[in-house]
Amino acid sequence: MDFKTTETAEATEVRLTGRLEFTDHDRLGVIAAVVQGARTQRFVIDMIDLEFIDSAGLGMLMILQEEAETRNIKMILRNLRGDVKRSIDLARLGEIIAIEA
Amino acid sequence: MDAAVSDTSPDLPAPRAFSVLRDRVPPDMAARVAARFGAAGAGPESGDADGGAAGIPGDGGPGPAVEAQLMERADHDRLRAAFDRNPFLTVELGEGADEAAALLDDWSGVSAADHPHWPGFYLSLTTGSAYGLQCAVLVCDELVRRGVLDPQRRSNTELCLHEAIANAIVHGNLGLSSATKSQPGGYRLFSQMMRDRLDDPAVVRRRLDIFCRWSDRAIAIAVVDQGGGFDTDLAPAVTGGKARSGRGFVFMRALAARVTVTDGGRCTVLHFDRGPGDRSPADHSQADLLTG
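Regarding its fold elements, chain B presents 10 helices and seven strands. Residues classed as buried in chain B amount to 49% of the 292 residues present.

Take the nonpolar core next. All names here are of chain B. Core analysis: the biggest nonpolar cluster contains 93 residues, and Val139, Ile165 and Leu270 have the highest contact counts within it. Here this core gets nine residues from one element, more than from any other, and that element is helix α6 (residues 154-173). Aside from chain neighbours lying at most four places away, what touches Val139 is Leu123, Leu161, Ile210 and Cys212.

Now for the pairing of strand β4 (residues 207-214) of chain B. Residue and element names in this part refer to chain B. The buried fraction of β4 amounts to eight of the eight residues, a majority that puts the element mostly inside the structure. Covered by surrounding structure in β4 are Arg207, Asp209, Phe211 and Arg213 together with Leu208, Ile210, Cys212 and Trp214, the residues of both alternating faces. In terms of strand pairing, strand β3 (residues 120-126) meets β4 through seven bridges, oriented antiparallel. Bridged to Thr126 within β4 is Arg207. Hairpin geometry of β4 and strand β5 (residues 218-224) is characterised by an intervening segment of three residues between the two adjacent antiparallel strands.

Of all the positions in helix α5 (residues 135-145) of chain B, only B:Cys135, B:Ala136, B:Leu138, B:Val139, B:Cys140, B:Glu142 and B:Leu143 are classed as buried. Positive backbone phi, approximately 75°, marks B:Gly147, located one or two places after α5(B).

Our next topic: unusual backbone geometry. Of note in this structure, A:Asn72 is not a glycine but carries a positive phi near 55°. When you line up the elements, A:Asn72 lands in the loop between α2 (55-70) and β4 (74-78). For B:Gln134, which is not glycine, the phi torsion reads 50° and is therefore positive. Mapping B:Gln134 onto the fold places it in the loop between α4 (127-131) and α5.

Working note: a packed helix pair is described by the angle between its axes plus the distance between those axes. Residues and elements named next belong to chain A. With their axes 9 Å apart at the nearest point, helix α1 (residues 25-36) and α2 run at an angle of 25° to one another. Classified by the interaxial angle, the pair formed by α1 and α2 is roughly parallel. Where α1 crosses over α2, the handedness of that crossing is right-handed. Each of Leu28, Ile31, Ala32, Val35 and Gln36 in α1 lies in contact with α2, whose residues at this interface are Met60, Ile63, Leu64, Glu67 and Ala68. The class makeup of the residues in the contact of α1 with α2 is eight nonpolar, one polar and one charged.

The interface of chain A with chain B comprises 19 residues on the first partner and 23 residues on the second. When contributions to the side of chain A that touches chain B are tallied by element, the ones reaching two or more residues are α1, α2 and α3 (82-90) of chain A. Residue classes in the side of chain A that touches chain B are distributed as nine nonpolar, six polar and four charged.

Thresholds applied
- Residues numbered from 1 in each chain as written.
- Chains lettered and ligands numbered in written order.
- Predicted model: local features only at pLDDT ≥ 70, side-chain atom pairs only at ≥ 80, totals over all residues.
- Helix = DSSP H or I, 4+ residues; strand = E, 2+ residues; numbered from the N terminus.
- Buried ≥ 20, exposed ≤ 12 C-beta atoms within 10 Å, placed from the backbone.
- Core = buried A, V, L, I, M, F, W, Y, C linked by C-beta atoms within 7 Å.
- Contact = placed C-beta atoms within 7 Å.
- Pairing = 2+ DSSP bridges.
- Axes fitted to C-alpha atoms, helices over the stretch in contact; angles between N-to-C directions.
- Parallel < 35°, antiparallel > 145°, perpendicular 65-115°, else oblique.
- Left-handed = near helix turned anticlockwise from the far one by under 90°.
- Nonpolar A, V, L, I, M, F, W, Y, C, P; charged D, E, K, R; others polar.

Quick look at the structure:
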């Protein structure tokens with residue numbers, strides 16, 4: 001998985017590319033650092049270019065959500081599609097994390 | 001390189017020869033293949049030391065034989081090349097592995113000796129190679145290529161297989177518990193522990209075996225590791241709210257026709273329907289391909 005970070009006045013955004021899976025735990029710490037250093041109250045994870053997410057990847061989203069909550073930052077998942085949407089729907093993550101189309 | 005082996009029954013597909021990518025098959029290895037993969041009654045034979053031809057358990061004899069591809073180190077391209085030869089058995093011995101140690105590895109964890117004429121294939125990798133190989137993609141590519149897996153069913157099959165493989169690697173062979181991630185900052189510790197285990201030669205030599213078999217109606221895929229196993233009663237059946245782990249089995253149970261766990265948690269067997277329509281008990285009986 002690769003990612004690119006952008007920050008505007010309104011939101012900090014991370015755009016994920018490729019596959020988010022159990023081999024990506026090292027990357028989680030880097031993305032968590034983005035949350036910890038965010039200067040906005042919105043943290044958006046854009047998944048338009050994410051092809052696949054496994055249960056470990058969903059666990060990473062939960063950890064990022066907790067990091068955001070701790071800092072009163074609202075985390076939002078955006079642009080879910082295909083297999084990624086299937087996994088997130090199966091895990092009912094929408095009950096816990098905000099999702100935008 | 002391949003040698004024809006005469007069949008003993010006109011009703012069965014012709015057995016395939018045993019062939020290898022290495023110069024020769026060590027006699028011990030040939031004996032193990034013969035014992036495990038259906039060459040019962042055929043004495044082990046050593047390989048051809050000169051020409052790269054393989055030792056063939058049962059070669060020229062009456063017993064069935066399986067075609068195998070052995071390689072010192074597996075990567076995506078080598079495995080694709082091996083699969084293109086339609087072997088039954090593909091085994092990575094391990095890069096730089098001591099030959100004697102490699103022969104002692106239990107790379108055939110699932111009994112494939114029963115019904116060697118049934119269609120299927122068996123892939124055995126070291127954990128070090130399997131970790132970065134996206135094995136579920138490779139195996140599903142191969143199932144589609146062989147006309148076994150309907151591309152429309154691939155996505156769910158691949159996710160289930162991926163989860164079984166991830167469990168086998170992370171919790172089985174690497175011996176890591178997700179409980180670590182529940183501690184404050186535990187994901188950093190988990191990540192460090194994973195790196196440490198992947199740096200341990202003894203750990204990365206542990207085997208991950210993937211065994212696929214199919215009938216007209218069903219596919220069964222076994223994923224076998226060499227870890228400490230786990231209590232299958234603890235595998236969650238439903239999504240765990242804010243839990244940081246445990247969703248892999250939820251996915252498998254939701255998307256596969258059936259999931260069975262054996263060998264104290266070291267073997268997960270996924271059953272999938274092949275035909276159109278919903279699952280049915282009749283389909284499931286067809287799926288008992290790995291247990292006979």
